[in-house]
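Reading the structure
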Amino acid sequence: MHPALNIIIKAARRASQIINRASLDLEHLQVTTKRQSDFVTEVDKAAEAAIIDVLREAYPEYGILAEESGQSAGSAGDSEYQWIIDPLDGTTNFIHGFPQYAISIALAHRGQVTQAVVYDTMRNELFTASKGGGAFLNDRRIRVSKCLRLEDALIGTGFPYRVYDHIDAYLAIFKELARKTAGIRRPGAASLDLAYVACGRFDGFWEFGLSPWDMAGGALLISEAGGLIGDLAGNDGYLESGNLVAGTPKVFAQLLQVIDGHRTPGLLA
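Residues numbered from 1 in each chain as written. Predicted model: local features only at pLDDT ≥ 70, side-chain atom pairs only at ≥ 80, totals over all residues. Heavy atoms only, no water.

**Structural notes on the overall build of the protein chain**
- The helix and strand tally for the protein chain stands at eight helices and 15 strands.
- Rg of the C-alpha trace for the protein chain: 18 Å, near the compact-globule value of 18 Å for 269 residues, within the 12% margin.
- Reported as C-alpha extents along the three principal axes, the dimensions of the protein chain are approximately 50 × 40 × 35 Å.
- Out of the 269 residues belonging to the protein chain, those deemed buried represent 54%.
- Summarising the internal contacts of the protein chain: among those between residues at least 6 apart in sequence, 62% fall at separations of at least 24.
- Carbon and sulfur atoms form 50% of the exposed surface of the protein chain, whose accessible area is close to 11,900 Å².
- Across the protein chain, the centroid of the 25 positively charged side chains sits 6 Å from that of the 32 negatively charged ones. (Helix = DSSP H or I, 4+ residues; strand = E, 2+ residues; numbered from the N terminus. Rg over C-alpha atoms; globule rule 2.2 N^0.38 Å. Buried < 20%, exposed > 50% of the residue type's maximum accessible area, 1.4 Å probe, protein only. Contact = heavy atoms within 4.5 Å. Areas by Shrake-Rupley, 256 points an atom, 1.4 Å probe, with all protein chains shown as cover. Lys, Arg positive; Asp, Glu negative; His and termini not counted. Charge placed at Lys NZ, Arg CZ, Asp CG, Glu CD.)

**Some thoughts on helix α2 (residues 42-58)**
- Spanning 17 residues, α2 covers 25 Å between terminal C-alpha atoms, matching the ideal 24 Å at 1.5 Å per step.
- Where α2 begins, one side-chain oxygen reaches toward the backbone nitrogen of Val-43, 3.0 Å away; that side chain belongs to Thr-41. (Expected span 1.5 Å × (residues − 1). Polar contact = N/O pair within 3.5 Å; in protein donor to acceptor, adjacent residues only side chain to side chain.)

**With respect to the nonpolar core**
- The biggest cluster of nonpolar side chains holds 39 residues, and the ones touching the most others in it are Phe-127, Leu-221 and Leu-244.
- Those elements that provide at least two residues to this core are β6 (102-109), β7 (112-120), β8 (125-130), β9 (134-137), α5 (190-198), α6 (212-224), α7 (238-241) and β15 (244-247).
- Residue contacts for Leu-221: discarding those within four places in its chain leaves Val-118, Phe-127, Thr-128, Ala-129, Ala-135, Ala-195 and Ala-198.
- The next biggest cluster of nonpolar side chains, apart from the first, holds 33 residues, and it includes Ile-8, Ala-47, Tyr-62 and Tyr-119. (Core = buried A, V, L, I, M, F, W, Y, C linked by side-chain atoms within 4.5 Å.)

**Quick notes on the pairing of strand β5 (residues 81-89)**
- Of all nine residues in β5, seven are buried, a share of seventy percent or more.
- Where strand β3 (residues 63-66) and β5 come together, four bridges link them in parallel fashion. Among the inter-strand pairings, Ile-64 is bridged to a residue of β5, identified as Trp-83.
- Bridge count between β5 and β6: seven bridges; the pairing is antiparallel. The partner of Ile-85 across the bridge, within β6, is Ile-105. (Pairing = 2+ DSSP bridges.)

**Observations regarding the packing of helix α4 (residues 167-180) against helix α8 (residues 249-260)**
- Direction vectors running N to C along α4 and α8 enclose 135°, while the axes themselves pass 9 Å from each other. Taken together, α4 and α8 sit at an angle that is classed as oblique. In the packing of α4 onto α8, the handedness of the crossing is right-handed. Contact residues: Ile-173, Glu-176 and Leu-177 in α4; Leu-255, Val-258 and Ile-259 in α8.
- For the contact of α4 with α8, the per-class residue count stands at five nonpolar, no polar and one charged. (Axes fitted to C-alpha atoms, helices over the stretch in contact; angles between N-to-C directions. Parallel < 35°, antiparallel > 145°, perpendicular 65-115°, else oblique. Left-handed = near helix turned anticlockwise from the far one by under 90°. Nonpolar A, V, L, I, M, F, W, Y, C, P; charged D, E, K, R; others polar.)

Just geometry here; none of it tells us what the structure is for.
Have a look at this one:
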């Protein structure tokens, strides 16, 4: 296992202790609204601080991009390496006691993600990946499903909940896919949805308006598990655009075809 991946796992497990303790006493949780339908708790902040402490201790020179504290440089200034951190993906689920949330931590080198962990603390499912080294769930190698046809596919998605600029295009895509697939699910934590594509629980996934910390870890899991991931044009600009499509090689292509039929001038990629 790559040394950096070991450190990421250590950081994720440290944060999971904070999250799991807090999950036992949700009634006393302090919740702040960042913007409409976007919440943060003291658990998000404490978990992120714990993660950063572990990562900084091991690699103080690396930069950080984290959901709650933003972007910061490492001790070396402009490092080629950057941690991408979501301390609690699925906060809305968490504060409602809905057991679908995860910690996502990735390491990027010159903008390319090379190490990733998505940790489902409730189920103790640890998804890991190293670029060129495969993807794993609790040390067991995982692969995307063998699904070939969209009509046989179970597809994950995330509903728009902050920005509704492209809600009509999204609903048109949803409507067509509802007719053409075996089913659509919206669990509410994108990093975990992507991990589910990587291990074959979903055959595909699409969502608009994501942040890099929502996608970075799960994207590497999928590519290392034999799947494909891209923006709405099928290219690798999803971390920049926030729009993402993923799936088995065959389902990925068919999802893009459906989405392409509903893309508007403001929704190019």
